[in-house]
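Each chain is listed here by its residues.
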Amino acid sequence: MNGGVASESPTATAPQVTLTIPATTIPGPTLGVPTNTAITVAFTENMNSATITGTSFTLTGPNGVAVKGAVTYAYSTAIFTPSSPGLTADTTYTATITD
């Protein structure tokens, strides 16, 4: 309380990624991932669903070329589903989530 007014403090830590599917291997790349795989990311807390979009959750392939796909979000999980025909075998992709 400050002068009789309650104040809220911002979250002390940013949300963290708790799970990725397919699993991330370090060092990468992750091998044997089917080409029709959706990319799933789970967070430590619920996110603002209006901010998890195709603009903020992207998947890029070689030379930074964007992969077309759809993004969904429910509870604390975001999913990027590549458009048909899916991903290319034996190719490294990078998923990125920004605010």
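From a predicted model like this one, the values you see are computed outputs, not experimental measurements.

About the thresholds
- Residues numbered from 1 in each chain as written.
- Predicted model: local features only at pLDDT ≥ 70, side-chain atom pairs only at ≥ 80, totals over all residues.
- Heavy atoms only, no water.
- Phe/Tyr/Trp six-rings, centres within 6.5 Å; stacked < 30°, edge-to-face > 60°.
- Helix = DSSP H or I, 4+ residues; strand = E, 2+ residues; numbered from the N terminus.
- Buried < 20%, exposed > 50% of the residue type's maximum accessible area, 1.4 Å probe, protein only.
- Core = buried A, V, L, I, M, F, W, Y, C linked by side-chain atoms within 4.5 Å.
- Contact = heavy atoms within 4.5 Å.
- Pairing = 2+ DSSP bridges.
- Axes fitted to C-alpha atoms, helices over the stretch in contact; angles between N-to-C directions.

K.L.:
Before we go on, may I ask you to explain the packing of aromatic side chains in this structure?
P.N.:
Both the distance between ring centres and the angle between the ring planes are used here to describe each pair of aromatic rings. If you walk through the whole model with that rule in mind, you get 1 aromatic pair. With centroids separated by 5.9 Å and ring planes inclined at 50°, the aromatic side chains of Phe 57 and Phe 80 adopt a geometry described as tilted. In this pair, Phe 57 is assigned in strand β3 (residues 57–60) and Phe 80 in strand β5 (residues 77–82), connecting sequence segments 23 residues apart. Judged by its relative accessible area of 3%, Phe 80 falls in the buried class.

K.L.:
Just to check I follow, could you spell out the nonpolar core for this structure?
P.N.:
Looking at soluble globular proteins, one finds that nonpolar side chains tend to be buried together. By size, the foremost hydrophobic cluster in this structure holds 11 residues: Ile 39, Val 41, Phe 43, Ile 52, Phe 57, Leu 59, Val 67, Tyr 73, Ala 78, Phe 80 and Leu 87. Within the residue set of this core, elements represented by two or more residues are β2 (39–43), β3 and β5. When residues in this core are grouped by element, the largest group, 3 residues, is from β2. The residues contacting Ile 52, other than those within four sequence positions of it, are Met 47, Val 71, Tyr 73 and Ala 78.

K.L.:
For this particular structure, what's the right way to read the sheet that holds strand β4 (residues 69–74)?
P.N.:
Each strand in a sheet pairs with its neighbour through backbone hydrogen bonds, running either in the same direction (parallel) or in the opposite one (antiparallel). The strand order across the open sheet formed by 4 strands is β1-β2-β5-β4, and the pairing between neighbours is antiparallel. With one partner strand each, in any of the chains shown, β1 (17–21) and β4 form the two edges of the open sheet. On average, adjacent strands in this sheet sit at an angle of 15° to one another, irrespective of strand direction.

K.L.:
When you look at the pairing of β2 in this model, what are you seeing that I'm missing?
P.N.:
A regular strand places its side chains on the two faces of the sheet in alternate fashion. By the criterion of burial, β2 is predominantly enclosed, with 5 of the 5 residues buried. In this sheet, β2 lies alongside β1 in antiparallel orientation, the contact comprising 4 bridges. Its bridge partner lying in β2, Val 17 is registered against Phe 43. With 4 bridges joining them, β2 and β5 adopt antiparallel strand pairing. Its bridge partner being in β5, Thr 40 is matched across the sheet by Ile 79.

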